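Residues per chain are reported as follows:
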Amino acid sequence: MKILVVLLLLTLADGKSFERCEWARMLKAAAMDGYRGISLANWVCLTKWESQFNTQAINHNKDKSTDYGIFQINSRWWCDDGQTRSANGCNISCSDLLTDNISTAIRCAKRVVGDPQGIEAWVGWRVHCKNQDVSTYLSGCGL
Ligand SMILES: *[C@@H]1O[C@H](CO)[C@@H](O)[C@H](O)[C@H]1NC(C)=O
Ligand SMILES: *[C@@H]1O[C@H](CO)[C@@H](O)[C@H](O)[C@H]1NC(C)=O
């Protein structure tokens, strides 16, 4: 039990929930604004609904695959978690998507959106951001 608690604390210390504008600035610095034609506000909206800007977000899918990190990247296609048979399109371990160093997650998200399905791959984006006025996701950020 003690070990579990320590592991939990270590895990929490390793990840991070970003504040909206802080995250928007990081996306911008990573050249995500306009990447594949997708505006910064759309990226912020997507990650809000996928993970609440939480790098530690993990969600299990009905098909037994799992979605990891701030972009909720799927283990069947993009990363290897040792549990799902994976195409591992980003050639990474899924746990690399859960740290507060977001460079791996951003690189992988760029790959995902470069796929023919594009941004439509993200259900959170389709449901909450597609054809919506997403400008509010940047409001007050000075961006
Ligand atoms: C995948 O990553 C490993 C290192 O983690 C590297 O050795 C290998 O060449 C990479 N494969 C591809 C196809 O990029
Ligand atoms: C984040 O990770 C990348 C490689 O995965 C590394 O090059 C970079 O230095 C790291 N950044 C920080 C702030 O640790």
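In the block above lies the structure referred to throughout.
As a starting point, this report considers the structure included with it. Sequence order as written defines residue numbering, which begins from 1 separately in each chain. Chains and ligands are labelled sequentially in the order written, the chains with letters from A and the ligands with numbers from 1. Where totals are concerned, whole chains, interfaces and linings use all residues; where local detail is concerned, this predicted model gives features only for residues with pLDDT of at least 70, and gives and counts side-chain atom pairs only at 80 or more. For side-chain calculations, the full set of non-hydrogen atoms in the structure is used, while hydrogens and water are omitted.

**Some thoughts on the nonpolar core**
Applied cut-off: Take the buried residues of types Ala, Val, Leu, Ile, Met, Phe, Trp, Tyr and Cys, join any two whose side-chain atoms come within 4.5 Å, and each joined set is a nonpolar core. Exposed residues in this analysis have more than 50% of their type's maximum accessible area, buried residues have under 20%, and partly exposed residues fall in between, with area computed by a 1.4 Å probe over protein chains only. Every helix listed is a DSSP run of H or I at least four residues long, and every strand listed is a run of E at least two residues long, numbered separately from the N terminus. Residue contacts are counted whenever heavy atoms from the two residues lie within 4.5 Å of one another.
Judged by nonpolar contacts, the single largest core of 38 residues is most densely connected at Trp23, Leu27, Trp43, Phe71, Leu97, Cys108 and Trp122. Mapped onto this core, the elements with two or more residues apiece are helix 2 (20-29), helix 3 (40-51) and helix 4 (103-114). In this view, Trp43 contacts Leu27, Met32, Tyr35, Ile38, Phe71, Val113 and Trp122; residues no more than four positions away in its chain are not counted.

**What to know about helix 4**
Put simply, the rule reads: Under the convention used throughout, the expected extent of a helix is 1.5 Å for every residue step, that is, one less than its residue count.
Helix length check: helix 4 (12 residues) gives 17 Å between terminal C-alpha atoms against 16 Å at 1.5 Å per residue, within 8%. Burial in helix 4 covers these residues: Thr104, Ala105, Ile106, Cys108, Ala109, Val112 and Val113. Turning to helix 4, the residues buried within the fold contact helix 2, helix 3 and strand 3 (73-74).

**Looking at the site of ligand 2**
Under the convention used in this document: Here a residue is near a molecule or strand as soon as one of its heavy atoms is found within 4 Å of it. Contacts described as polar in this section are N or O atom pairs within 3.5 Å, which, within protein, must combine one atom able to donate a hydrogen with one able to accept it, while residues neighboring in sequence count only if both atoms come from side chains. All accessible-area figures derive from a Shrake-Rupley calculation using a 1.4 Å probe, and residue coverage is judged against the displayed protein chains alone.
For ligand 2, the full set of nearby residues is Asn101, Ser103 and Thr104. Between ligand 2 and the protein, one listed contact pairs an oxygen atom with a side-chain N or O atom of Asn101 at 2.3 Å. In isolation ligand 2 offers 370 Å² of accessible surface; the protein chains occlude 24% of this area.

**Looking at the packing of aromatic side chains**
Rules: Stacked, tilted and edge-to-face pairs are distinguished by plane angle, under 30 degrees for stacked and over 60 for edge-to-face with tilted covering the rest, among Phe, Tyr and Trp rings (Trp via its six-membered ring) whose centres lie within 6.5 Å.
Considering all chains together, one arrives at four aromatic pairs under this definition. Consider the rings of Phe18 and Trp23, whose centres lie 5.4 Å apart with planes at 15 degrees: the pair is stacked. With respect to burial, Phe18 and Trp23 carry one shared label: buried. Centre to centre, the rings of Trp43 and Phe71 are 6.1 Å apart; their planes meet at 85 degrees, and the pair counts as edge-to-face. Placement of the pair is Trp43 in helix 3 and Phe71 in the loop between strand 2 (66-68) and strand 3, with a sequence separation of 28 residues. Side by side, Trp43 and Phe71 carry an identical accessibility label, which is buried. Within the aromatic cluster, the residues linked to one another by ring pairs are Phe18, Trp23, Trp43, Phe71 and Trp122.

**Thoughts on the packing of helix 2 against helix 3**
Selection rule: For helices, the fitted axis covers only the stretch in contact; all axes are lines through C-alpha atoms, and the angles between them, taken along N-to-C directions, range from 0 to 180 degrees. We call two directions roughly parallel when the angle between them is under 35 degrees, roughly antiparallel when it is over 145, roughly perpendicular when it lies between 65 and 115, and oblique otherwise. Each crossing is labelled by how the near helix is turned from the far one, with a counterclockwise turn of less than a right angle marking it left-handed and a clockwise turn marking it right-handed. Gly counts as polar in this scheme, as do all residues outside two lists: the nonpolar Ala, Val, Leu, Ile, Met, Phe, Trp, Tyr, Cys and Pro, and the charged Asp, Glu, Lys and Arg.
Relative to each other, helix 2 and helix 3 sit at 125 degrees, their axes nearing to 10 Å. Taken together, the axis directions place helix 2 and helix 3 in an arrangement best described as oblique. The handedness of the crossing between helix 2 and helix 3 comes out as right-handed. Only Leu40, Trp43, Val44 and Thr47 of helix 3 make contact with helix 2, whose side of the interface consists of Arg20, Trp23, Ala24, Leu27 and Lys28. The residue makeup of the contact of helix 2 with helix 3, split by class, is six nonpolar, one polar and two charged.

**As for the pattern of salt bridges**
Counted only if it meets this: By definition, a salt bridge exists where a carboxyl oxygen of Asp or Glu is found within 4 Å of a side-chain nitrogen of Lys or Arg.
Applying the stated criterion across every chain yields a total of three salt bridges. Taking the shortest distance from any N to any O, the salt bridge between Arg76 and Asp63 comes out at 3.4 Å. Note that Arg76 is positioned in the loop between strand 3 and helix 4 and Asp63 in the loop between strand 1 (58-60) and strand 2, a separation of 13 residues in sequence. Of the residues examined, Arg76 reaches a relative accessible area of 25% and is grouped as partly exposed. Lys130 serves as the salt-bridge partner of Glu120, at 3.1 Å between the closest nitrogen and oxygen. You can see Glu120 sitting in the loop between helix 4 and helix 5 (123-128) and its partner Lys130 sitting in the segment after helix 5, a full 10 residues away along the chain.

Keep in mind these numbers describe shape, not what the thing actually does.
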